[in-house]
There are 2 protein chains.
Amino acid sequence: MLETIQNPGQLKNLTLDQKQALAREIRDRIIQTTLKNGGHLSSNLGAVELTIALHSVLSAPEDKLLFDVGHQCYAHKLLTGRCERFDTLRRFQGLSGFTRPSESVYDTVASGHASDSISLALGFAKARDIKKENYNVAAVLGDGALTGGMCYEALNDAGQSKTRMLIVLNDNEMSISKNVGSMSRHLTHMRQSGAYRGFKQFLRKAINRLPKGGNRMERFFSRVKDSLKALLVSDMFFDSLDIEYLGPIDGHDISEMEKVFRTALTYDRPVVVHVVTRKGKGYAPAEENPSKYHGVSPAGEIASGVSCASVVGKWLIEKAETDERVAGVSAAMLSGTGLEEFSKRFPERCFDVGIAEEHAAAMAAGLALSGLRPFVALYSTFMQRAYDQIGMDVCLNRAPVTLLIDRSGLNGADGETHQGVFDTALLKSLPNLTVCAPSNTGELRAMLEAALERNAPFAIKYPKTLPEGEAGEGDVTRWKYVIKGGKVCVISYGRMVSVALKAAEMLKEKGLAVSVLNARTLNDTIGGENGRILREASEEYGLLAVLEDSAACGGLGESVSGAVGGALCLGVPDRFIPAGSIDEQLKYCALDAGSVCERVLQEARARGIDR
Amino acid sequence: MLETIQNPGQLKNLTLDQKQALAREIRDRIIQTTLKNGGHLSSNLGAVELTIALHSVLSAPEDKLLFDVGHQCYAHKLLTGRCERFDTLRRFQGLSGFTRPSESVYDTVASGHASDSISLALGFAKARDIKKENYNVAAVLGDGALTGGMCYEALNDAGQSKTRMLIVLNDNEMSISKNVGSMSRHLTHMRQSGAYRGFKQFLRKAINRLPKGGNRMERFFSRVKDSLKALLVSDMFFDSLDIEYLGPIDGHDISEMEKVFRTALTYDRPVVVHVVTRKGKGYAPAEENPSKYHGVSPAGEIASGVSCASVVGKWLIEKAETDERVAGVSAAMLSGTGLEEFSKRFPERCFDVGIAEEHAAAMAAGLALSGLRPFVALYSTFMQRAYDQIGMDVCLNRAPVTLLIDRSGLNGADGETHQGVFDTALLKSLPNLTVCAPSNTGELRAMLEAALERNAPFAIKYPKTLPEGEAGEGDVTRWKYVIKGGKVCVISYGRMVSVALKAAEMLKEKGLAVSVLNARTLNDTIGGENGRILREASEEYGLLAVLEDSAACGGLGESVSGAVGGALCLGVPDRFIPAGSIDEQLKYCALDAGSVCERVLQEARARGIDR
């Protein structure tokens, strides 16, 4: 049946049975494709019925549907004419793993970072009101995304301005559902029945059942209090922000969801519908271990190199055993950043704050100024959320926080929103901060040591994996020649040092000897010892080329050029980088060894350097 | 009496009468100094008694006291040994207008940006628990700061981890107080009396007073509902986050505050004490118009040039009259950014979202993708909070949002936290974004027109004032020679074009003719028409110098060097810039005309360019 659905409008003609059968087909397709191509499995399996119900009630693309993060949009893609291309998911030039308007008019916005959907949806809703149009706006977000401060900012605004919109809270932790149990359904029906939306009725019933007399009454209240509080726990939060709340309801019951969504769309103000789903629903391994199947690697993918997260995790445990100051901070990424084992061994010194990078950085500043040594592990692209806090709370205070910036540089299949290519431009201009990048696991460990030794803000940025290797003698923050000779010097850092070495071999074959200089610190091209090394290199070589998988605009290449004159800047071009394998992305950016070889050769010839 | 207070410990020996007299002295001193030196008047006058009460109860510096934003810390400064130096407030090398640990051990952190105090305080509190120490931690924040998402992230974390800390909510809008009226006092006393913290007792009393019988009961409930909801409105919010809530109480009643703060410090979990103060308290003009006296300019300050905010405000009104797509977005800065009049004329198209820059940027993306043309006006330093949303929600979506980046560059007396010197480094590397900087008001207006004409993300950055002037013929985003001649070219933008022209005159007197090139767009040094102009300049001149009041590291100078070889980069050095007049700051950075003249002359001589 799935193949016959060309647009979501067709859902309106299906029976409930047909929709349920469709859900099974969609689920099979998601499992099969994700296990092959990699991607977000658990969250997408949880949102199948939810998506069918939403598209049955809404009329997209006139109605605007937004998926927060977008890691639950596979069913949506399958229902909006992308079934045939679905096996290109997350491949180079294939379908994105997130929503992309360039792919389909049904994708309202490009998604990838958490907690922004309510803000965006509110923009669509306010514009509708101004233009006196009448479309519906719906945002779907998970309970995880709701921990981000942006959601609160947006709810605060939406509640106050009373803009009509639907917010579907896709709660797959089931925490509230468990607490509330069967009474929740009762409350939902009461609320939907209108009048004074449940609370009054509930209170009246409770009071009618009041036993008379002092002590018994007190005991009764003590019992009532807990159920009352449990019932109202989400309600209270949304109520205080003037947002209507309906739920929780079963997020795998298409018919009930359609009913509640229809009710919600009749309100003339923002409504949260709280939907409870099961992560990994319909795929036993994922249901049992949803976190393991949150992100799945492509079948047959062979990890090259060693996981930096595991190096970091092991080092932190080792240090924490002897150094009581060592602490870890994560923003809902304990597993991805390698802190999971650390959090089990040292729970009192490991803080997972939710999807709240801003708070993570500022709280770490507080920890550091109190004498602890927090290591804040964030993915590069999500670290962008904390730029201001890193500058103001960490750097201005000279707080000895170490930022562990994982997934730095090109990142593969997650596409435009997940490349860590802006961190050099962002961090290099912050005063008081040392920014380092290791080219192998030995350097990573040595940089962790250096960070702990220094009493100042420190950042270490690294990709998912690095080759095994040694830091060698001396200060690991010092620039260091890996190979030396010739009239051309390729300055590089991080994973790109390996590419530079490959390019150097190719160039040698073509008769041009080059040096490779490992720039292990990125922001002291002018002063100090590294500045001296750079100035000497500038005098020694006829050509400096700077190779990096960070944005060329704002990268180390520009700093080198600013310090010692025109270097050949080989960095990520001025555009968002689409999904692909890292090799494909390097080629796309002309940063693979072959391209680097040619670009260096061309510039060397232009400058009259032949060998 | 104030002169005799060397440290806040002395407060513990004063009677209530003495404290009240002290409050009057502090207030006089604040009024007198702020009217002379400029600064935050209303907020500081509102927090005098609050500060006395806190320092009476706490034992700083062992106990940690944090002021959110820090724009209410003057009384704190006067009570912590800085009375004598207080007349140097906000002056070059004088006392900062915000807390600065470099000034005093009583200043726990450097402050300046809103909504981070709970995160920082939580760091101090968690570190205390880990170290098994026993100090108190207190954060003071205004109701404005509570609109920032970071607060929610921090409260969410604090509530869950049950860390002991005091959060003083300094509510000077009096909105909640008005709603709640006299019943609030009752509630506070109930809550403080312990047991089941008020709610149970309140509910019991309400129920005891229940009239019997159907219809009367219903009417009663309908009345009770409103007062109940009003009573619980803040309570509900904090309760849902598992934060204890006390208040509201009178923030000018020292004795009551001391009592409640003492109670709050006995809790073994986070407590919010809701304190109601009057902005501008004790200075009639400020009480009547607190917003006017929020920020006061130094006495005798003569504004040079025209306010960019007023140019922007007028242009927006003019455009909005004929173009229905034009909308304005502000993050609690309608007045400062010139949007106040616009918001009155076009209330339905002007959105003030509170101190919520992240939401402002993302919501604007939603508005823009729906066909509107939002202009988001932010101060440069606060725009830093929205970097990720500008990149992901605006630029990746190619949403035609125009960022109006006010207070860009050096900013004067507000010091380290308020300089707009990182915006070039931040924005230049974002794909799809055009970043422009006008050198006079005519160019500013022409750039606003250009932004509206283009269907793409656009940023215009400008200082508080610019000289009046014309844009001249042709495309305003194109680089343009202001004067031409000689073998040296000074490339500059924004307010620094005037400095470049002054330096050019000085250089001419010394026999060196220079050109001045106005780089009106900052991020297309490689491709396009501006790239061509730059390459031609590089061939024509023996020396290119790039002059900017943005961080040199990450600035236009580096981009120029990266594109065409070594330029002389004259930008803001790699450190945080302290308060001073803009002239003093320019000198401090060696960016005043005299310094520029010398630096250019030196480099020209080094390169053998004599005239």
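Numbering of residues starts from 1 in every chain and runs along the sequence as written. Key to labels: chains lettered from A, ligands numbered from 1, both in the order written. Given that the model is predicted, a residue must reach a pLDDT of at least 70 before its local features are reported, and side-chain atom pairs must reach 80 or more before they are shown or counted; all residues, however, enter totals for whole chains, interfaces and linings.

Q: I'd like a description of the overall build of chain A, backed by residues and values.
A: Runs of E in the DSSP output that reach at least two residues are strands. Runs of H or I that reach at least four are helices, and both are numbered from the N terminus. Each helix and strand in chain A was counted, giving 24 helices and 18 strands. Remark: C-beta atoms are placed from the backbone, and a residue is labelled buried if 20 or more other C-beta atoms sit within 10 Å of its own, exposed if 12 or fewer do, or partly exposed between those counts. Within chain A, the fraction of its 611 residues that count as buried is 59%.

Q: So what's going on with the nonpolar core? Residues and values would help.
A: One recurring pattern in soluble globular proteins is that nonpolar side chains are buried together. As used throughout, a nonpolar core is a set of buried Ala, Val, Leu, Ile, Met, Phe, Trp, Tyr and Cys residues joined through C-beta atoms within 7 Å of each other. Judged by nonpolar contacts, the single largest core of 388 residues is most densely connected at V490 of chain A together with V490 of chain B. For the purpose of contact definition, each residue receives a C-beta atom placed from its backbone, and two residues are in contact when these atoms lie within 7 Å. Not counting chain neighbours up to four residues away, the residues in contact with V490 of chain B comprise A500, A503, A504, V514, V516, A545, L547 and V600 of chain B.

Q: Provide a residue-level description of the relation of the copies chain A and chain B, including the pertinent values.
A: Each copy of the sequence occupies a distinct position, and chain A is placed on chain B by a rotation of 180° and an axial shift of 0.0 Å, giving an RMSD of 0.0 Å. When the rotation and shift are considered jointly, the pair of chain copies conforms to a two-fold rotation axis. It is G149 of chain A whose C-alpha, among those of chain A, lies nearest the rotation axis, at 1.8 Å. By residue overlap, the copies meet face to face through one surface: 100% of the interface positions of chain A are interface positions in chain B. Here the copies were fitted onto each other by least squares, based on C-alpha atoms from residues at pLDDT of at least 70 in both.

Q: Residue-level account of the interface of chain A and chain B, with values.
A: Each side of the interface is counted separately: chain A has 86 residues, and chain B has 86 residues. Those elements that place two or more of their residues in the side of chain A that touches chain B are α5 (117-130), α6 (149-161), α9 (199-208), α10 (214-240), α15 (357-369), α17 (387-395), α18 (423-428) and α22 (556-564) of chain A. At 10 residues, the largest contribution of residues to the side of chain A that touches chain B is made by α5 of chain A. Considering only residue class, the side of chain A that touches chain B consists of 38 nonpolar, 27 polar and 21 charged. Gly is put with the polar residues, along with every residue not named as nonpolar or charged; the nonpolar set is Ala, Val, Leu, Ile, Met, Phe, Trp, Tyr, Cys and Pro, and the charged set is Asp, Glu, Lys and Arg.

Q: Requested: an account of the domain arrangement of chain A, with residues and values cited.
A: Residues and elements named next belong to chain A. Domain limits in this description derive from either an automatic procedure or a database domain assignment. Its domain assignment divides chain A into domain 1 (2-193 + 234-288), domain 2 (307-466) and domain 3 (480-606). The distance between the C-alpha centroids of domain 1 and domain 2 comes to 32 Å. Contact with domain 1, which involves 15 residues of that partner, is made by 12 residues of domain 2. For the side of domain 1 that touches domain 2, a count of residues per class yields 4 nonpolar, 10 polar and 1 charged.

Q: So what's going on with the sheet that holds strand β15 (residues 488-492) of chain A? Residues and values would help.
A: Residues and elements named next belong to chain A. An order of β14-β16-β15-β17-β18 is seen for the 5 strands of this open sheet, with the pairing classed as mixed. Every interior strand has two partners, whereas the edge strands, β14 (480-483) and β18 (568-572), have only one. Pairs of neighbouring strands in the sheet enclose a mean axial angle of 25°, with direction left out of account. Only strands that DSSP links by at least two bridges are regarded as paired with each other. Bridge count between strand β17 (residues 543-551) and β18: 4 bridges; the pairing is parallel. Axes here refer to lines fitted to C-alpha atoms; in helices the fit is confined to the stretch in contact. Angles between the N-to-C directions go from 0 to 180 degrees.

Q: Could you give an account of the confidence of the model for chain A, with specific residues and numbers?
A: For any part of a model where pLDDT is low, the fine detail of the predicted coordinates should not be relied upon. Residues and elements named next belong to chain A. pLDDT measures the predictor's confidence residue by residue and takes values from 0 up to 100. Of all residues in chain A, 89% have pLDDT values of 70 or greater, and the mean over the chain is 90. Contacts of residues 174-201 to residues separated by more than four positions or lying in other chains number 33 contacts, the stretch itself having pLDDT below 50. Between residues 210-214, whose pLDDT stays under 50, and residues either more than four places distant or in other chains, the model counts 5 contacts. Scoring of the predicted complex yields 0.92 for pTM and 0.92 for ipTM.

Q: Which residues make up unusual backbone geometry, and what values do they have?
A: Look at the link from A60 of chain A to P61 of chain A: it is a cis peptide, with omega at 5°. Assignment of secondary structure puts P61 of chain A in the loop between α3 (48-57) and β1 (64-67). Between G247 of chain B and P248 of chain B the backbone carries a cis peptide bond, its omega angle lying at 0°. Here P248 of chain B shows up in strand β4 (residues 244-250). Its identity is not glycine, yet K132 of chain A carries a phi of approximately 55°, on the positive side.

Q: So, the environment of H71 of chain B: which residues are in play, and what are the values?
A: All names here are of chain B. Mapped onto the elements, H71 comes out in the loop between β1 (64-67) and α4 (74-79). For H71, a count of 26 C-beta atoms within 10 Å corresponds to the buried category. Here the alpha-carbon distance between H71 and I533, two residues 462 residues apart in the chain, equals 45 Å. The residues touching H71, leaving out its near neighbours within four places in the chain, are H40, S43 and F98.

Q: Pulling in residues and values, what's your account of the packing of α5 of chain A against α6 of chain A?
A: Residue and element names in this part refer to chain A. Where α5 meets α6, the axes come as close as 8 Å, and the angle between the chain directions of the two elements is 30°. Here α5 lies roughly parallel to α6, going by the angle between them. For the pair formed by α5 and α6, the contact residues are I118, S119 and L122 on the first element and M150, C151, A154, L155, D157 and A158 on the second. These descriptions rest on fixed angle ranges, namely under 35 degrees for roughly parallel, over 145 for roughly antiparallel, 65 to 115 for roughly perpendicular, and the rest for oblique.

Q: An account of the environment of G328 of chain A is needed here, citing residue identities and associated values.
A: All names here are of chain A. Following the sequence through the fold, G328 ends up in strand β7 (residues 326-330). Owing to 26 C-beta atoms within 10 Å, G328 belongs among the buried residues under this scheme. Counting along the chain gives 76 residues from G328 to L404, while the straight-line C-alpha distance between them is 10.0 Å. Ignoring any residue separated from it by four or fewer positions in sequence, one finds G328 in contact with L316, L339, F342, S343, R349, C350, F375 and A377.

Q: Can you break down α6 of chain A residue by residue, with the values?
A: Since one α-helical turn is 3.6 residues long, residues separated by three or four positions face the same way. Multiplying 1.5 Å by the helix residue count minus one yields the expected span of that helix. A rise of 1.5 Å per residue sets the reference length of α6 of chain A, with its 13 residues, at 18 Å; its end C-alpha atoms lie 19 Å apart and thus fit the reference within 8%. Considered for burial, the residues of α6 of chain A that qualify are G149, M150, C151, Y152, E153, A154, L155, N156, D157 and A158 of chain A.

Q: A description of the pairing of strand β3 (residues 165-171) of chain A should follow, citing residues and the corresponding values.
A: Residue and element names in this part refer to chain A. The buried fraction of β3 is high, at 7 of 7 residues. Neither face of β3 is exposed, since M165, I167, L169 and D171 on one face and L166, V168 and N170 on the opposite face are all buried. The pairing of strand β2 (residues 137-142) with β3 spans 5 bridges and is classified as parallel. Within β3, the residue paired with G142 across the bridge is N170. When the strands point away from the viewer and the connection leading from the first strand across the helix to the second strand turns clockwise, the crossover is called right-handed. Handedness of the crossover joining β2 and β3 through α6: right-handed.

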